[in-house]
Amino acid sequence: MIKKISTYLFFLLFVSSVGAKNQDLPIIDYSSITHPEIGTGGMVVSQRKVASEVGAKILREGGNAVDAAVATALALAVVLPRAGNLGGGGFMLIYSEELKKTVAIDYREMAPLQASRDMFLDSNGNYDRKKAQFSLLSAGVPGTVAGLHYALKKYGTLSWEVVIDPAITLAEDGFVVPHDLSSVLSNYRNRLTANAATARTYYKRNKVPYEAGEIIKLPDLAWSLKELKKQGPAAFYKGKIAEKIVAEMERNGGLITSEDLANYKVKERVPVKGIYKGYEIVSMPPSSSGGVHLIQMLNMLEPFSLKEMGFGSAQSIHLMSEVMKRAYADRSRYLGDTDFVSVPLIGLTNKEYAKALLKEISLTEVTSSEDISNGNPLPYESPDTTHFSVMDGKGNVVANTYTLNFSYGSGIVIPGTGILMNNEMDDFSSKKGVPNAYGLVGFEANEIKAQKRPLSSMTPTIVFKNQKPYLVLGSPGGSRIITTVLQVVINVLEHDMNIKQAVISPRIHHQWLPDVLLMEEGFSSDTIDLLKEKGHTIRPSRTMGSVQAIISKDNYLYGAADPRRPEAGAVVVSP
Ligand code: DON
């Protein structure tokens, strides 16, 4: 008997010691069909694993999250040319553990000095899509080089020369073309080879696309990067690259002058903040609409238990869709560059306002949006942007989303530089109430003005739990960025999904106008039938967004690269 008891006690001791040890191990839930990347000491998740490797190497060599982010962004400008860029702009959210605060760096493009409200209207007063999207006029003054350099100098620890080197090597020595790049270049062949410099940069002789497995070298881009290494941003805004940009603008009817380039300004802004069930949500303020509407939608959803409704249930999709509509209606009316127009930021992100909006929402019936009278509101072609997330081992976090707007932006490479110019001017509202490429309508707040920044939807976001960074994420997807980020946040905070599952799960989108509920594949036909019964007009959608996210929990980092785009990858500093 005594022997039995002692064996039992020994067993208890053994079990409890295993239990105690387990608390130090990463969480692997074997009942889950998805698993995030797990690591310690830092992680980089981007849309190209080779670029994540560049960032992770910087972390291993002692750089902080900002050093790694800048190196990753510069590498993406080489290996992900449809979205990574030097000729575009974007937003970087940085949480500094040392300063215990988050800053928002706005390096969005600025309208050139000669830009004017009606510049994209033809002689009949109609929106001229070609001018607004595919000409040199569509390019805003790029902010990427200035923004990355600003972030590095103020919040990084390594030199510009060190973080730019990996990008130079990739451009000069070349890199292996993945299937994703070869198929996109072949899909866009007509548009991209229409421009001689673009054809020369990204295609072989006779405009033949590279095949997967071949090496692509980008010597002109390598030249630009080396100029940047020597001179810093001055090369781009005043030096030899500036000269080439201005010469091309003068040759082919663009508006960007040397004065525009010299006057480009990075803006460090205070992020927008909200609370959702005890978590602090910190996100991008204007000139992006992303953070404001993410918080507004979370405020509207807070009184409900989406968990009880269940992921993918008709009830929860109905509620989210009604909430999305209200936010996008406000976006159209109120949002614009706060350096030019006043935006009711406090009002829009206020919980009382959310409550007032909720009173108009029925849980059983659809409220219809106004009809839209213009053309096909869905994107003309698959557009692109890219987001990456970084956490280092010291508690610093970076969420960066940047873009050329469409895939390859305007499709125009500045001769001799390898640099693709953005077509971000189309994010302005060119004509009141007329949808842009994403079907977004806008009014005075987002009309074109010299030196104004076009309104964005990019939503780099950090969620804090007990004052510590918990979740970092963001996405491309045009108008769908904000709803994509919202759903991944809800999947984690409400549905308790691991980050991989949260990123993979199917998404919906409603943007008020057009009055359609977009749904990715993966929802059950029963759910769709129930939604139709409530009165929703449903349209199946291609994939929405490409979220790169990291969660920090109990000394481990859990990362997920979105499988919606091939070649994305999370790279850890150590296991
Ligand atoms: O700033 C914006 O909201 C758009 N220019 C982003 C474009 C985009 O996300 C395209 N990507 N899929």
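These lines cover the structure that appears in this document, whether it is placed above or below. (Residues numbered from 1 in each chain as written. Predicted model: local features only at pLDDT ≥ 70, side-chain atom pairs only at ≥ 80, totals over all residues. Heavy atoms only, no water.)

## Focus on the overall build of the protein chain
- A count of helical and extended segments in the protein chain gives 21 helices and 20 strands.
- Scaling as 2.2 N^0.38, a compact globule of 575 residues should have a C-alpha radius of gyration of about 25 Å, and the protein chain matches this with 24 Å.
- Each principal axis of the C-alpha distribution contributes one length, and for the protein chain these read about 95 × 55 × 45 Å.
- By sequence separation, contacts in the protein chain at least 24 residues apart represent 72% of the contacts at least 6 residues apart.
- Of the accessible surface of the protein chain, which amounts to about 22,400 Å², a share of 53% is contributed by carbon and sulfur atoms.
- In the protein chain, 62 side chains carry a positive charge and 59 a negative one; their mean positions are 2 Å apart. (Helix = DSSP H or I, 4+ residues; strand = E, 2+ residues; numbered from the N terminus. Rg over C-alpha atoms; globule rule 2.2 N^0.38 Å. Contact = heavy atoms within 4.5 Å. Areas by Shrake-Rupley, 256 points an atom, 1.4 Å probe, with all protein chains shown as cover. Lys, Arg positive; Asp, Glu negative; His and termini not counted. Charge placed at Lys NZ, Arg CZ, Asp CG, Glu CD.)

## What to know about the nonpolar core
- Core analysis: the largest hydrophobic core is formed by 89 residues, its most contacted members being Leu 471, Leu 493 and Ile 499.
- Not counting the four nearest positions on each side in its chain, Leu 493 is found in contact with Tyr 276, Tyr 279, Ile 281, Val 463 and Tyr 470.
- Membership of the second largest hydrophobic core comes to 87 residues, among which are Leu 148, Tyr 203, Leu 225 and Phe 236. (Core = buried A, V, L, I, M, F, W, Y, C linked by side-chain atoms within 4.5 Å. Buried < 20%, exposed > 50% of the residue type's maximum accessible area, 1.4 Å probe, protein only.)

## A short note on the site of the ligand
- Neighbouring the ligand are 15 residues, the closest being Thr 385, Glu 424, Asp 427, Ser 456 and Gly 478.
- The backbone of Asp 384 places a nitrogen or oxygen atom 3.3 Å from a nitrogen atom of the ligand.
- Glu 424 has a polar side-chain atom sitting 2.6 Å from a nitrogen atom of the ligand.
- When isolated, the ligand has an accessible area of 340 Å², and the protein chains bury 99% of it.
- Looking at side-chain class alone, the shell around the ligand contains 5 nonpolar, 6 polar and 4 charged residues. (Near = heavy atom within 4 Å. Polar contact = N/O pair within 3.5 Å; in protein donor to acceptor, adjacent residues only side chain to side chain. Nonpolar A, V, L, I, M, F, W, Y, C, P; charged D, E, K, R; others polar.)

## Looking at the pattern of salt bridges
- This structure, assessed with the given rule, holds 31 salt bridges.
- Among the ionic pairs, Arg 453 bridges to Asp 106, the shortest N-O distance being 3.0 Å. Taken together, the residues span a long stretch of sequence, with Arg 453 in the loop between strand S12 (419-420) and strand S13 (461-465) and Asp 106 in strand S3 (residues 101-107) at a distance of 347 residues.
- Residue Asp 106 is classed as buried on the basis of its relative accessible area, which comes to 0%. (Salt bridge = Lys/Arg side-chain N within 4 Å of Asp/Glu carboxyl O.)

## Concerning the pairing of strand S14 (residues 468-473)
- Across the 6 residues of S14, 5 count as buried, placing the element largely inside the fold.
- The sheet contact formed by S13 and S14 spans 5 bridges and is antiparallel. Its bridge partner being in S14, Ile 462 is matched across the sheet by Val 472.
- What sits between S13 and S14 in their antiparallel hairpin is a turn of 2 residues, with Asn 466 showing a positive phi close to 50°.
- With 2 bridges joining them, S14 and strand S18 (residues 548-553) adopt antiparallel strand pairing. Of the residues in S18, the one forming a bridge with Leu 471 is Ile 551. (Pairing = 2+ DSSP bridges.)

## With respect to the sheet that holds strand S15 (residues 508-509)
- Taken in spatial order, the 3 strands make up an open sheet running S15-S16-S17, and their pairing is mixed. Of all strands in the sheet, those with a lone pairing partner are S15 and strand S17 (538-540), marking the two edges.
- Relative to S17, strand S16 (residues 517-519) runs parallel, the two being bridged by 3 bridges. Bridging across to S17, Met 519 finds its partner in Pro 540.

## Some thoughts on the packing of aromatic side chains
- A complete count under the given rule lists 10 aromatic pairs for this structure.
- Arranged with centres 6.1 Å apart and planes meeting at 85°, the rings of Tyr 188 and Tyr 408 form a pair that is edge-to-face. Highlighted residues: Tyr 188 in the loop between helix H7 (179-187) and helix H8 (189-193) and Tyr 408 in the loop between strand S10 (397-403) and strand S11 (413-414), separated in sequence by 220 residues.
- By relative accessible area, which is 0% here, Tyr 408 ends up buried.
- Here Phe 406 and Tyr 438 contribute two aromatic rings whose centre-to-centre distance is 6.4 Å and whose plane-to-plane angle is 85°, an arrangement assigned as edge-to-face. Taken together, the residues span a long stretch of sequence, with Phe 406 in the loop between S10 and S11 and Tyr 438 in the loop between S12 and S13 at a distance of 32 residues. The residues Phe 406 and Tyr 438 share a single accessibility class, namely buried.
- Counting every residue linked through ring pairs, the aromatic cluster contains Phe 134, Phe 406 and Tyr 438.
- The lysine or arginine in question, Lys 465, covers the ring of Tyr 470, its NZ or CZ lying 4.9 Å from the ring centre. (Phe/Tyr/Trp six-rings, centres within 6.5 Å; stacked < 30°, edge-to-face > 60°. Lys NZ or Arg CZ within 6 Å of the ring centre and 35° of its normal.)

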